[in-house]
Structure formats: C-alpha cells, structure tokens
Amino acid sequence: MAHYELLEEIERYGRKNKIPILLDDSLEYINNLLSKIKPKRILEIGTAIGFSAINFSKYLTEGGRIDTIEIESLRVEQALENIEKVGVSDKIRVMEGDALNILPYLNELYDVVFIDAAKGKYNEFFEHALRLCKKGGYIIADNVLYKGMVQSDYNKHKQRTAVNKLRIFISSVLSNNKLDSNLLDIGDGLMICKVKEEN
Ligand SMILES: C[S@@+](CC[C@H](N)C(=O)[O-])C[C@H]1O[C@@H](n2cnc3c(N)ncnc32)[C@H](O)[C@@H]1O
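Residues numbered from 1 in each chain as written. Predicted model: local features only at pLDDT ≥ 70, side-chain atom pairs only at ≥ 80, totals over all residues. Heavy atoms only, no water.

Trainee: Looking at this model, I keep getting lost on the site of the ligand. Mind explaining?
Mentor: In the vicinity of the ligand there are 21 residues, among which Leu-22, Gly-46, Ser-52, Glu-70 and Asp-116 approach most closely. One of the backbone N or O atoms of Leu-22 is found 2.8 Å from an oxygen atom in the ligand. Secondary-structure elements contributing two or more residues to the shell around the ligand are helix 3 (51-57) and strand 2 (65-70). (Near = heavy atom within 4 Å. Polar contact = N/O pair within 3.5 Å; in protein donor to acceptor, adjacent residues only side chain to side chain. Helix = DSSP H or I, 4+ residues; strand = E, 2+ residues; numbered from the N terminus.)

Trainee: Help me out: how do you make sense of the sheet that holds strand 4 (residues 110-115) in this one?
Mentor: Across a sheet, strands are paired by hydrogen bonds formed along the backbone, either parallel or antiparallel in direction. With mixed pairing, the seven strands of this open sheet are ordered in space as 3-2-1-4-5-7-6. Pairing within the sheet leaves two strands with one partner each, and these edge strands are strand 3 (92-96) and strand 6 (179-184). Across the sheet, the mean angle separating the axes of adjacent strands is 15° when strand polarity is ignored. Two strands pair when backbone bridges link them, and strand 4 and strand 5 (residues 133-141) are joined in this way by five bridges, in the parallel orientation. The residue of strand 5 that forms the bridge with Val-112 is Tyr-138. Sitting on the sheet, helix 4 (residues 73-86) is in contact with strand 2 and strand 3, with an inclination near 170° to strand 3. (Pairing = 2+ DSSP bridges. Axes fitted to C-alpha atoms, helices over the stretch in contact; angles between N-to-C directions. Contact = heavy atoms within 4.5 Å.)

Trainee: Where do I start with the nonpolar core in this structure?
Mentor: Among the nonpolar cores identified, the biggest contains 35 residues, and Leu-103, Ile-115, Phe-126 and Ile-139 are the most heavily contacted of them. With sequence-adjacent residues up to four places away left out, Phe-126 is seen in contact with Ile-115, Ile-139, Phe-169, Val-173, Leu-179 and Cys-193. Counting 31 residues, the second largest nonpolar core, distinct from the first, contains Ile-10, Ile-49, Phe-51 and Ile-192. (Core = buried A, V, L, I, M, F, W, Y, C linked by side-chain atoms within 4.5 Å. Buried < 20%, exposed > 50% of the residue type's maximum accessible area, 1.4 Å probe, protein only.)

Trainee: Where do I start with the packing of aromatic side chains in this structure?
Mentor: In this description, an aromatic ring pair is defined by two values, namely the gap between the centres and the angle between the planes. Scanning the entire structure with this criterion turns up four aromatic pairs. Judged by centre distance (5.5 Å) and plane angle (75°), the ring pair of Tyr-122 and Phe-169 falls under edge-to-face. Placement of Tyr-122 in helix 6 (residues 122-132) and of Phe-169 in helix 7 (residues 157-174) is noted, with a sequence separation of 47 residues between them. Relative accessible area serves as the criterion here: at 0%, Phe-169 is assigned to the buried category. Taking the centre distance of 5.4 Å and the plane angle of 80° together, the rings of Phe-126 and Phe-169 count as edge-to-face. On the criterion of sequence distance, the pair formed by Phe-126 in helix 6 and Phe-169 in helix 7 is long-range, its members being 43 residues apart. For the pair Phe-126 and Phe-169, one class covers both residues: buried. (Phe/Tyr/Trp six-rings, centres within 6.5 Å; stacked < 30°, edge-to-face > 60°.)

Trainee: Help me out: how do you make sense of the state of the cysteines in this one?
Mentor: Working definition: the covalent bond between the sulfur atoms of two cysteines is a disulfide. Going through the model one piece at a time under the given rule, you end up with zero disulfides. Between Cys-133, a free cysteine, and Cys-193, which holds the nearest cysteine sulfur, the sulfur-to-sulfur gap is 9.0 Å. (Disulfide = S-S within 2.5 Å.)

Trainee: So what exactly am I meant to see when it comes to the packing of helix 6 against helix 7 here?
Mentor: The geometry of a pair of packed helices is captured by two quantities: the angle between their axes and the separation between those axes. Packing of helix 6 against helix 7 leaves a shortest axis separation of 9 Å and a crossing angle of 30°. Considering their axes alone, helix 6 and helix 7 lie roughly parallel with respect to each other. Between helix 6, through Tyr-122, Asn-123 and Phe-126, and helix 7, the contact on the second element is made entirely by Lys-165, Leu-166, Ile-168, Phe-169, Ser-172 and Val-173. Class assignment of the residues belonging to the contact of helix 6 with helix 7 gives a composition of six nonpolar, two polar and one charged. (Parallel < 35°, antiparallel > 145°, perpendicular 65-115°, else oblique. Nonpolar A, V, L, I, M, F, W, Y, C, P; charged D, E, K, R; others polar.)

Below is the structure:
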C-alpha cells in the first residue's frame, strides 16, 4: 500500500529548502486533468525530489508507470528515497542525466509528457515531447511565464535569454495546428497541449 500521506512532509521539505517543486494551484490543475485522463504512461522531464511524480502516480491505471529524468545526482538520490518511502518504486523509474542526452533513446509512446526543467531548453524538450506523445495525449509544460517575466518588457540581463526562448516556445506551440493548446495563467504559467495528430 502506498503511503501518500508522506507527500505533505516531502512538500514541506521542498518548500523549506527552496526546491522548485510544483506550486499548489498548478498541481491541483494537473492532478484534476490526470484523474480524468487516467494515464498508463507518463514521461516527466525534471524530477527534483520526486514530489510531482509521486503525486501523479496516484492517477496511473493498473500496471502504469512514470519515467522521470533528473540531471542532478543529489536530487536523484532524494527522489529515490522519497519514492521508496512512499512505496511507489514499482510505478516510478528515475533516469539520471541531461534529458537532452536521454530523450533521443526513448521510443515508447506516452499518454502524458510533463516538461518541468531548464527553461532555456524548452524548445528542444518539446521537439522530443511531440515525438513521444500519443495522439489524444497531453504535453504539459510548467513555468512558461517565468515569474511574469515573459509578459514584461523589462527583464534583467541574466534572465533575458531564457525569457526570449520561452517567448519563442510559446508562439511556436500556440501556432502548431497539430495541437490544441492553452496557456493558463496559473502558478508560474502552465501550457496544456492536447495532441490532435501524431507528429
Ligand atoms: C522545477 S524542478 C522539478 C520539480 C518537480 N517536477 C516537482 O514539481 O516536484 C526542475 C528540475 O529539473 C532538473 N533539470 C534541469 N535541467 C535538466 C535537464 N537538462 N535534464 C534533466 N533534468 C534537468 C533540475 O535539476 C531540477 O531538479
């Protein structure tokens, strides 16, 4: 039996240690969507300490699995510990490395692809997500409004490159007619795309 009640403790740890785990309203929106879709296979890019993956695992159908990719070894260790503690190791597979090196080797199709990692690489992650998401499936990307900076004219030099790349990401996603996409102003900005045609 899974001990999902431990998620509160994992969330507290994440917020206290400034680990950028999903914000409450975005998590609620995605959980709600997953409860309707009832996915069998989910791909997540950006595991951190496993908080979102453990949450999502509640909505998998029987025998379903989440593959999640994380670049930082310490985070991988913490995620594996949390996954084990909650008792969902049979539902979540953590892959360590830069997603851009791992994604080309994935060939299975997923019901949901969730992008939640380096904002400067969203365009590249999305290319893979298009290839790996089933027709009728969903691609979800978090932090696409990047603390309001994507909608602002003034941005600090340090963030300018990521902001410009996110603007390109948003316009290319919204103009892709193989997708039904919605940019939601909740949390840090959530892009929700339903795949109408396989790419
Ligand atoms: C926003 S956090 C993920 C939060 C997690 N999805 C949650 O809500 O619980 C982003 C994570 O992506 C990882 N990351 C950044 N760039 C990456 C890359 N190129 N490949 C894989 N992971 C990456 C970071 O180390 C960080 O732990």
